[in-house]
Amino acid sequence: MADPGTYVDEIRRVICFALEIPPERLTDTTPFDDIGMTSRQRIQLLSRVEVAYGVSVDLDELDRLVDIRGVAEVISEAVAAQRAGG
């Protein structure tokens, strides 16, 4: 599996752009609830990163998308599964 850290900067960029917040306000573990991200916005984020990395993530994983680190881990696992042919 790829290191989830590989995806952190791009995910942070997408979130900061979408929510119009400065990158300094968002660490890898800042809870999305703390920055006012709604569940709808989490679904939109998931859609954007799926397109960006050419993967498909089950909506059951939505509960893991609570911070940048969680999103990076989900994407890392999806990329690894795709590479393995699963």
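Keep in mind the model is a prediction, meaning the values are calculated, not measured.

Student: It is not clear to me how the packing of aromatic side chains should be interpreted in this structure. Could you clarify?
Tutor: When we look at a pair of aromatic rings, we describe it by the centre distance and by the angle of the planes. Considering all chains together, one arrives at one aromatic pair under this definition. Seen in terms of ring centroids, Tyr7 and Tyr53 are 4.8 Å apart; in terms of plane orientation they differ by 85 degrees. Their pairing is edge-to-face. Residue Tyr7 is found in helix α1 (residues 5-19), and its partner Tyr53 is found in helix α2 (residues 39-53); the two are separated by 46 residues along the sequence. When its relative accessible area of 4% is taken as the criterion, Tyr7 is described as buried. By relative accessible area, Tyr53 is classed as partly exposed at 25%.

Student: Just checking my understanding: could you explain the nonpolar core for this structure?
Tutor: Note on soluble globular proteins: their nonpolar side chains tend to be buried together. Counting residues in each nonpolar core, the largest one holds 26 residues, and the members touching the most others are Ile11, Ile15, Phe32, Ile35, Leu45, Val71 and Ile75. Residue assignment for this core shows that the elements contributing at least two residues are α1, α2 and α3 (68-83). Leaving out residues up to four positions away in the same chain, Ile15 has contacts with Glu20, Leu26, Phe32, Ile35, Met37, Leu45 and Ile68.

Reading the values: rules and limits
- Residues numbered from 1 in each chain as written.
- Predicted model: local features only at pLDDT ≥ 70, side-chain atom pairs only at ≥ 80, totals over all residues.
- Heavy atoms only, no water.
- Phe/Tyr/Trp six-rings, centres within 6.5 Å; stacked < 30°, edge-to-face > 60°.
- Helix = DSSP H or I, 4+ residues; strand = E, 2+ residues; numbered from the N terminus.
- Buried < 20%, exposed > 50% of the residue type's maximum accessible area, 1.4 Å probe, protein only.
- Core = buried A, V, L, I, M, F, W, Y, C linked by side-chain atoms within 4.5 Å.
- Contact = heavy atoms within 4.5 Å.

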